[in-house]
Amino acid sequence: MSTFYHHATTTILIILLILATTTSSTNPTSSPLHFSKSSRSSSSSSSPSRSSPSVSNPEKLFDDTIQSILTQAQSTSTMASLLTTTSSTSSQGFTEDPGATTVTTTGPVGDCMDLLDDTLDQLSNVAHRRDHNPAHTHDDVQTWLSAALTNQETCKESLQTPPLKNPHRHHEPAMKAILLQALARNMTATVEASLALYVNHIRSNNNPRHVMSPKYRKYPSNYIPGGRKLLSAASSSFPGWLPAAKRKLLEASMGELEVHAVVAKDGSGTHTTIAAALRAVTMSGGATVASGGGGSSVIYIKAGTYKETLNIPTKQKNVVLMGDGKGKTVIVGSKNADDGSTTYQTATVAAMGDGFMARDITIINDAGPTKHQAVALRVGSDRSVIFRCSIQGYQDTLYALSKRQFYRETNVYGTIDFIFGNAAAVFQSCSLYSRKGGSYPNNFVTAQGRSSEYQNTGFSIHNCRVEAAPDLPAGSGSTYLGRPWKEYSRTVVMQSQLGGHINPAGWSAWSGGFALKTLYYAEYLNSGPGAGTSGRVGWPGYHSALAPADAGKFTVGQLITGNSWLPSTGVSFDSGLIG
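Throughout this description, residue numbers start from 1 for each chain and increase along the sequence as written. Residue-level local features of this predicted model are given only where pLDDT is at least 70; pairs of side-chain atoms are given and counted only at 80 or more, and the full residue set underlies all totals for whole chains, interfaces and linings. Hydrogens and water are ignored here; the side-chain numbers use all heavy atoms of the structure.

For the protein chain, the name recorded in an unreviewed UniProt entry is Pectinesterase, with Linum trigynum as its organism. UniProt positions are given in the numbering used here, feature names are shortened, and annotations may be inferred rather than shown by experiment. For the record of the protein chain, the UniProt heading Function (unreviewed entry) holds the text "Acts in the modification of cell walls via demethylesterification of cell wall pectin." For the protein chain, the Pathway (unreviewed entry) comment in UniProt is given as "Glycan metabolism; pectin degradation; 2-dehydro-3-deoxy-D-gluconate from pectin: step 1/5."

(A) How the structure looks around unusual backbone geometry. Notably, glutamine 495 is not glycine yet its phi reads approximately 50 degrees, a positive angle. A run of H or I in DSSP counts as a helix once it spans at least four residues, and a run of E counts as a strand once it spans at least two, with each numbered from the N terminus. Tracing the backbone shows glutamine 495 in the loop between strand S26 (490–494) and strand S27 (497–498). Overall, the relative accessible area of 15% leaves glutamine 495 in the buried class. The backbone of leucine 525 sits at a positive phi, close to 50 degrees, despite the residue not being glycine. With respect to the element layout, leucine 525 can be found in the loop between strand S28 (520–524) and strand S29 (542–543). Judged by its relative accessible area of 58%, leucine 525 falls in the exposed class. Burial classification: accessible surface area is computed with a 1.4 Å probe over protein chains only, and a residue below 20% of its type maximum counts as buried, one above 50% as exposed, and the rest as partly exposed.

(B) Region of interest: the nonpolar core. Among the nonpolar cores identified, the biggest contains 58 residues, and Ile299, Ile301, Tyr407, Ile419, Phe427 and Leu432 are the most heavily contacted of them. At four residues, the largest contribution of residues to this core is made by helix H7 (residues 274–283). Discounting chain neighbours no more than four positions away, the residues touching phenylalanine 427 are Leu398, Tyr407, Ile419, Ser460, Ile461, His462 and Cys464. In this description, a nonpolar core means a group of buried Ala, Val, Leu, Ile, Met, Phe, Trp, Tyr and Cys residues linked to one another through side-chain atoms lying within 4.5 Å. Working rule for contacts: check all heavy atoms of both residues, and any pair within 4.5 Å makes them a contact.

(C) Focus on the sheet that holds strand S12 (residues 362–365). Being paired, for any two strands, means DSSP has found at least two bridges between them. Spatially, S6-S9-S12-S15-S18-S21-S24-S27 is the arrangement adopted by the eight strands of the open sheet, whose pairing is parallel. Each end of this open sheet is capped by a strand with a single partner; those strands are strand S6 (304–307) and S27. With two bridges joining them, strand S24 (residues 465–468) and S27 adopt parallel strand pairing. Bridge assignment links arginine 465 to a residue of S27, and that residue is glutamine 497.

(D) Representation of the pattern of salt bridges within the structure. Salt-bridge detection follows one rule: a side-chain nitrogen of Lys or Arg within 4 Å of a carboxyl oxygen of Asp or Glu. Scanning the entire structure with this criterion turns up 21 salt bridges. Ionic pairing is found between aspartate 140 and arginine 383, a salt bridge with its closest N-O pair at 3.2 Å. On the criterion of sequence distance, the pair formed by aspartate 140 in helix H5 (residues 138–159) and arginine 383 in the loop between strand S13 (377–379) and strand S14 (384–387) is long-range, its members being 243 residues apart. On the accessibility criterion, arginine 383 (25% relative accessible area) is partly exposed. The salt bridge partner of lysine 156 is glutamate 153, with a shortest N-O separation of 3.9 Å. In this pair, lysine 156 and glutamate 153 both sit in helix H5, three residues apart, roughly one turn of the helix. Look at glutamate 153 and you get buried, because its relative accessible area is 2%. Look at the salt bridges and you will find they share partners, linking Asp139, Asp140, Asp382, Arg383 and Arg404 into a network.

(E) Layout of the confidence of the model for the protein chain. This prediction gives the protein chain a mean pLDDT of 81; 74% of its residues lie at or above 70. Every residue is assigned a pLDDT by the predictor, reflecting its confidence on a scale from 0 to 100. Every residue in residues 41–52 is under pLDDT 50, and counting partners more than four places away or in other chains gives 34 contacts. Note that pLDDT drops below 50 for residues 287–294; the model gives that stretch 24 contacts with residues more than four away or on any other chain.

(F) Looking closely at the pairing of S6. Burial along S6 is one-sided: the residues Gly304 and Tyr306 are buried and none of Thr305 and Lys307 is. Where S6 and strand S9 (residues 329–333) come together, four bridges link them in parallel fashion. From the neighbouring strand, lysine 307 faces S9, where its bridge partner is valine 332.

(G) How the structure looks around the environment of asparagine 125. By the element assignment, asparagine 125 lies in helix H3 (residues 107–127). A residue is classified by how much of its surface remains accessible, and asparagine 125, at 23% relative accessible area, is partly exposed. For the pair asparagine 125 and valine 141, spaced 16 residues apart in the sequence, the C-alpha separation amounts to 7.9 Å.

(H) Structural context of the sheet that holds S13. Read from one edge of the open sheet, seven strands run S7-S10-S13-S16-S19-S22-S25, paired in parallel fashion. Only two strands of the sheet have a single partner each, and these edge strands are strand S7 (310–312) and strand S25 (479–482). Sheet twist, expressed as the mean angle between neighbouring strand axes with direction ignored, is 15 degrees. Taken together, the three bridges between S13 and strand S16 (residues 398–400) define a ladder with parallel strand orientation. The residue of S16 that forms the bridge with valine 379 is alanine 400. To get an axis, a line is fitted to the C-alpha atoms, and for a helix only the part in contact is used. The angle between two axes follows their N-to-C directions and goes from 0 to 180 degrees.

(I) Fine view of the pairing of strand S23 (residues 458–462). In terms of burial, S23 is largely enclosed, as five of its five residues are buried. Burial along S23 is two-sided: Gly458, Ser460 and His462 and Phe459 and Ile461, pointing in opposite directions, are all buried. Note that strand S20 (residues 424–428) and S23 share five bridges and pair parallel. Looking at the pairing, valine 426 lines up with serine 460 of S23. Summarising the sheet, S23 and S26 pair through four bridges and their orientation is parallel. Residue isoleucine 461 lies in a different strand from S26, and its bridge partner there is valine 493.

(J) Inspection of the packing of aromatic side chains at higher detail. Side-chain rings of Phe, Tyr and Trp (the six-membered ring for Trp) are treated as a pair once their centres are within 6.5 Å; stacked means planes under 30 degrees apart, edge-to-face means over 60, and tilted covers the remaining angles. Overall, the coordinates contain 13 aromatic pairs when judged by the stated rule. Here the aromatic rings of tryptophan 507 and tyrosine 521 are separated by 4.4 Å at their centres, their planes lie at 25 degrees, and the arrangement is stacked. Of this pair, tryptophan 507 sits in the loop between S27 and S28 while tyrosine 521 is found in strand S28, placing the two residues 14 residues apart along the sequence. Just as tryptophan 507 is buried, tyrosine 521 falls in that class too. Taking the centre distance of 5.6 Å and the plane angle of 20 degrees together, the rings of tyrosine 520 and phenylalanine 554 count as stacked. Of this pair, tyrosine 520 sits in strand S28 while phenylalanine 554 sits in the loop between helix H8 (548–551) and helix H9 (556–559), and the two are 34 residues apart along the sequence.

(K) Broad picture of the state of the cysteines. The rule for a disulfide is simple: a pair of cysteine sulfur atoms within 2.5 Å. Under the counting rule described, the total for this entry stands at one disulfide. Here cysteine 112 pairs with cysteine 155 through a disulfide, and the sulfurs are 2.0 Å apart. Taking the torsion about the sulfur-sulfur bond, which here is approximately 100 degrees, the covalent link between cysteine 112 and cysteine 155 counts as right-handed. Linking cysteine 112 in helix H3 with cysteine 155 in helix H5, this pair joins segments that are 43 residues apart in sequence. Here cysteine 112 and cysteine 155 have matching classes, each one buried. Cysteine cysteine 389 is unpaired, with the sulfur of cysteine 430 as its nearest cysteine sulfur at 9.9 Å. Judged by its relative accessible area of 0%, cysteine 389 is buried. With no disulfide of its own, cysteine 464 lies closest to cysteine 430 among cysteine sulfurs, the gap being 4.6 Å. Classification of cysteine 464 by relative accessible area gives buried; the value is 2%.

Structure follows, in structure tokens:
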């Protein structure tokens, strides 16, 4: 008992220290966002003023602020880890990963610890941007800060989700939750302010034309508008630091590549499970730059159905999963909200480490249409590529959490908000299928979660087919292209084929008039029975017909600055508008 009280007292003192620190730097009138298990509606958080005051030395102020946030986040991570080590591994809220060397926290606290690790990575990138990568771009910095902000919003959402199956949490996870919630509340305000400072006073000074929308960049001198970027060893668009071997990764045949693990259910490979292969490449330090993966850890997964849930953490970068084709290599999980998991933890495959790529794989969450949130794939990996895959689920199928993502020739199946999150993501030459759900009559293709006008995030559906799955009547009018999860939700559908299942209004409100003035939804040169815009919504933030220059801002070349990194993957892509 004495040990219990000693740990409890220490925990309370730590939390009081953090609360005192965060209270002093947070607006006392602000309140945290509120979420429920079955709804993602939220009150809007306060945004930095557009008319920000003059700053005499914005670079120094920015650097000092980032270092302060980073120090606080590191201290909180250390304190939270100390709370974990004082608890029993058999207590509720903790689990022992058979392949790990440390005890990991589950539940909402586990979400926040995972997200805090990623936030530390992003803030470190910003703080050391001059030391380690002199060639960094303004888009990089804005991406890192946007992700850090998204991480804290996600942490708060998880912590405010009522536990359905485990209401009596162990005392130390509960206290750790208070600690992490205080940090998330403070960091949300401080990171957003830093992001606004960077956009308005640093990036805009380097490029005065780009103040409120600074991510939109010029094409490189060798770019032909509308041209298709293909793999070419002689292409001058390759960054000089990229090894030649990595340039052919995604479109090379298996025989051309050196793989670092082979997964086969029949025992003919190096491992019989994907999780074991991931642990092996982690323990071995992954691939070297001289190897066939060009610095990536390449895992070849032979045809078969693998019932696993996989987690690729922030520190495990450049993982490549390669299968034998859609419907041949299949990964299946069934975690869901109704059975007590947070949305974040329901993912069958979760990839947070930068440089993640997947090719020729089907990823499924088979929880079914009545289990609410049940993610098949969650991606928080920067410069990630999903190529020739099939992502299948019902509600919340694909969680495009954060950073820059590219999807090519990939199928996504779902019902409610089946593509959601706050990444800067381009879906190109993909097929997005609305399927028959449970009792709820309507489907929503997207629920984009941009919470600040300064984040360089948004969804672009370009040259895709938005169709009804075979079990959904093609002319039902039951599907909407999207609805605003957060205040600055941003989604553009362009040069795509829209089926007759699309409701004439096109887009749906989330709750009353929430976000209808601040969202950015647009369409450009779509075709098909669901493409008519005469009956579309009349919201201030909706644009029924973009000019080509505005549509161009949502292409691969501009939204995700793909010309600078996609050639390294070997995947073909259309850099600009088609035609």
